[in-house]
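So the chains spell out like this:
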Amino acid sequence: MQNAGLYIHIPFCEKRCNYCDFFSSTNKDLLDRYVDEVSSEIKRVSERFPAKIETIYLGGGTPSLLSLGHLDKIFSAIHSSFTVESKETTIEVNPNSSEKLSEYPKFGIDRVSIGIQTLDPVLLKKIGRLHTPEEGIDALVRAGDSFDNVSADLIIGLDKNQDVESDVNAIAPYCTHVSGYMLSVPKKSQIAKMIKEKEFFPASDDQTVDQYDVLTDTCRMLGFYRYETSNFAKLGKEGIHNGNYWAMHPYIGIGPSAHSYFGGIRYYNENDMKKYLSGCHSGNEKEKIERKYSVEDEITETIMLSLRTAKGIDIKAFNKKFDADFLHKYEKGIDAVRKYVSVTKNRLYILPKYFSVQNQVILSILTH
Ligand code: SF4
């Protein structure tokens, strides 16, 4: 039996954040039906992909909108369908729906990830978050009462004067892990409109890179080491579930728009709530749709994901998996970026000071 991660997508939110283009609904009246479908998809998928589940991740959307009854249904379905030996079970929590934090451990949840984003009250409002900075800190403090493993999400690049250092200083005492993402502006998002109408002024690319350096330095000084481009952890508190994605381990995704990677093949569920609620992934229609992946795609993905991590590429493992000679195959590309990387016969990684240009480094290695 193969080991795998299990991702449960909860695409429901109280209100759309202005920067968001994720698949998500604000119609919470659908939640009961949704949870029933999730439970039956879990059962059905377990027949197709019998796996030992090592990590569980409830992401969204806003999984903290689920009631305790919903969680009970979902976890009962997981445990009655799969063999579960969980090393990490995470739920994403929004500060404005964090009242159930202390109840989560009874479902086996041992890690929470809280969407703080920023502690600047003006920026929080501008990006459409419903909580105040104080409510964000309060959620982190209460999470610490029930969990040893608390992660906080931040977004940088929101404004040229964003005080990333003071945000990290303020959250650090209450968490063991920080994820810091650069603002992206999806074309159809509210924030794209606000920028066009001169109501919102994000930081420039250079300013955002400077803020990333502040984020990295402040995290390092406070004992959070960068183990992946956007992720910083106290030693031993690295996210296992996401770590397995970057290491190309198998995972099973449940819910509309969820992706799976199992038996070397990638699958995905359609982005269609109506179809999902009519049972299309739990037996009435087509299940997951297969994405055909070639070995070359697999190789490219392995390089891209590995080079996001501080450990980089394990060359021996790469050569064994793909029956290849990595250093020979990418010799020209590696030569072109030699000053940005450390390379030995066993490992290649991007030097920490060049993490902010990692996309260019990866592209060079792949395309030379
Ligand atoms: S909570 Fe997350 S998924 Fe929901 S609207 Fe905001 S950013 Fe999007």
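Per chain, residue numbering runs from 1 following the sequence as it is written. Reporting of local features is limited, given that this is a predicted model, to residues whose pLDDT is at least 70; pairs of side-chain atoms are given and counted only at 80 or more, and all residues count toward the totals for whole chains, interfaces and linings. Note that the side-chain values use all heavy atoms of the structure and ignore hydrogens as well as water.

Moving on, we get to the pairing of strand β7 (residues 225-228). Within a regular beta strand, the side chains point alternately toward one face of the sheet and then the other, so they alternate between its two faces. Pairing of β7 with strand β8 (residues 231-233), which is carried by three bridges, proceeds in the antiparallel orientation. In the strand pairing of β8, Glu 228 is matched with Asn 231. For two strands to count as paired, DSSP must find a minimum of two bridges between them. A run of H or I in DSSP counts as a helix once it spans at least four residues, and a run of E counts as a strand once it spans at least two, with each numbered from the N terminus. Between β7 and the antiparallel strand that follows it, β8, lie two residues.

Another aspect to go through is the packing of helix α5 (residues 164-171) against helix α7 (residues 205-221). Look at α5 against α7: their axes get within 9 Å of each other, and the N-to-C directions meet at 30°. With respect to α7, the element α5 is oriented roughly parallel. Read as a crossing pair, α5 and α7 show a hand that is right-handed. Side by side, α5 and α7 meet where Val 164, Glu 165, Val 168 and Asn 169 of the first sit next to Gln 211, Val 214, Leu 215, Thr 218 and Cys 219 of the second. Note on definitions: angles span 0 to 180 degrees between N-to-C directions of axes, and those axes are lines fitted to C-alpha atoms, for helices only across the stretch in contact. Our angle categories are set so that under 35 degrees counts as roughly parallel, over 145 as roughly antiparallel, 65 to 115 as roughly perpendicular, and the remainder as oblique. If you view the pair so one helix is near and one far, a crossing is left-handed when the near helix is turned anticlockwise from the far one by less than a right angle, and right-handed when it is turned clockwise. We call two residues in contact whenever any of their non-hydrogen atoms come within 4.5 Å of each other.

The next thing to look at is helix α4 (residues 133-146). For α4, built from 14 residues, the straight-helix expectation of 20 Å at 1.5 Å per residue is met to within 8% by its first-to-last C-alpha distance of 21 Å. Whether a residue is buried, partly exposed or exposed follows from its accessible area with a 1.4 Å probe, protein chains only, as a fraction of its type maximum: under 20%, in between, or over 50%, in that order. By the burial criterion, the buried members of α4 are Pro 133, Gly 136, Ala 139, Leu 140 and Ala 143. An end-on view of α4 places all buried positions within 120° of arc, on one side of the element. Of the residues in α4, the exposed ones pointing more than 90 degrees away from the buried face are Glu 134 and Asp 145. Residues of α4 that are buried sit in contact with β4 (111-117), α3 (121-126), β5 (150-156) and α5. The span one expects for a helix is its residue count, reduced by one, times 1.5 Å. Think of it as the arc spanned by the lines of direction from the helix axis to the C-beta atoms.

Let us look at the packing of aromatic side chains. The rule is short: rings of Phe, Tyr and Trp, with Trp giving its six-membered ring, pair when the centres are within 6.5 Å, and they are stacked under 30 degrees, edge-to-face over 60, tilted in between. The tally for this structure, following the rule as stated, stands at 14 aromatic pairs. Relative to Phe 262, the ring of Phe 49 lies with its centre 4.9 Å away and its plane at 35°, an arrangement referred to as tilted. Here Phe 49, found in the loop between α1 (31-48) and β2 (51-60), pairs with Phe 262, found in strand β10 (residues 259-262); they are 213 residues apart in sequence, far enough to count as distant. Its relative accessible area of 4% is what places Phe 49 among the buried residues. The buried category is assigned to Phe 262, whose relative accessible area is 9%. Centroid distance Phe 49 to Tyr 267: 5.1 Å. Interplanar angle 55°. Geometry classified as tilted. Taken together, the residues Phe 49 in the loop between α1 and β2 and Tyr 267 in strand β11 (residues 265-268) connect sequence positions 218 residues apart. Exposure class is identical for Phe 49 and Tyr 267. Each is buried. Among the aromatic residues, ring-to-ring pairing joins Phe 318, Phe 322, Phe 326 and Tyr 330 into one connected group. We count a charge as sitting over a ring when the NZ of a lysine or the CZ of an arginine lies within 6 Å of the ring centre and within 35 degrees of the ring normal. The aromatic ring of Phe 224 is capped on one face by Lys 234, whose charged end is 4.6 Å from the ring centroid.

The next subject is the side chain of Glu 298. As for its position among the elements, Glu 298 is in helix α10 (residues 295-306). Charged-residue counts in this description rest on Lys and Arg as positive and Asp and Glu as negative, His and the chain ends being excluded. A side-chain nitrogen of Lys or Arg and a carboxyl oxygen of Asp or Glu constitute a salt bridge if their distance falls within 4 Å. Here Glu 298 sits buried without a salt bridge, and the closest side chain of opposite charge, Lys 321, lies 4.1 Å off (N-O distance). In this view, Glu 298 contacts Met 248, Tyr 261, Gly 264, Tyr 293, Lys 321 and Phe 322; residues no more than four positions away in its chain are not counted.

As for its placement among the helices and strands, Lys 125 is situated in helix α3. On the basis of relative accessible area, Lys 125 is assigned to the exposed category, the value being 70%. In the structure, Lys 125 is positioned 107 residues away from Asn 18 in sequence and 9.5 Å away in space, judged by C-alpha atoms.

We now examine the sheet that holds strand β15 (residues 347-350). Taken together, the three strands give an open sheet; going across it, the order is β13-β15-β14, and neighbouring strands pair in antiparallel fashion. Where the open sheet ends on each side, the last strands, each with one partner, are β13 (313-314) and β14 (341-343). Sheet topology places β13 next to β15; two bridges connect them, and they run antiparallel. Residue Asp 314 lies in a different strand from β15, and its bridge partner there is Arg 347.

Our focus in this paragraph is the environment of Thr 89. Position of Thr 89 among the secondary structure elements: in strand β3 (residues 83-93). According to the relative accessible area criterion, Thr 89 is buried, its value standing at 2%. Here the alpha-carbon distance between Thr 89 and Thr 55, two residues 34 residues apart in the chain, equals 5.7 Å. Not counting residues up to four positions away in its chain, the partners in contact with Thr 89 are Ile 56, Phe 75, Gly 108, Ile 109, Asp 110 and Arg 111. Polar contacts involving the side chain of Thr 89 include one to the side chain of Ser 86, which spans 2.8 Å. As used in this structure description, the phrase polar contact means that two N or O atoms lie within 3.5 Å; if the pair is within protein, one of them must be able to donate a hydrogen and the other to accept it, and residues adjacent in sequence are counted only when both atoms belong to side chains.

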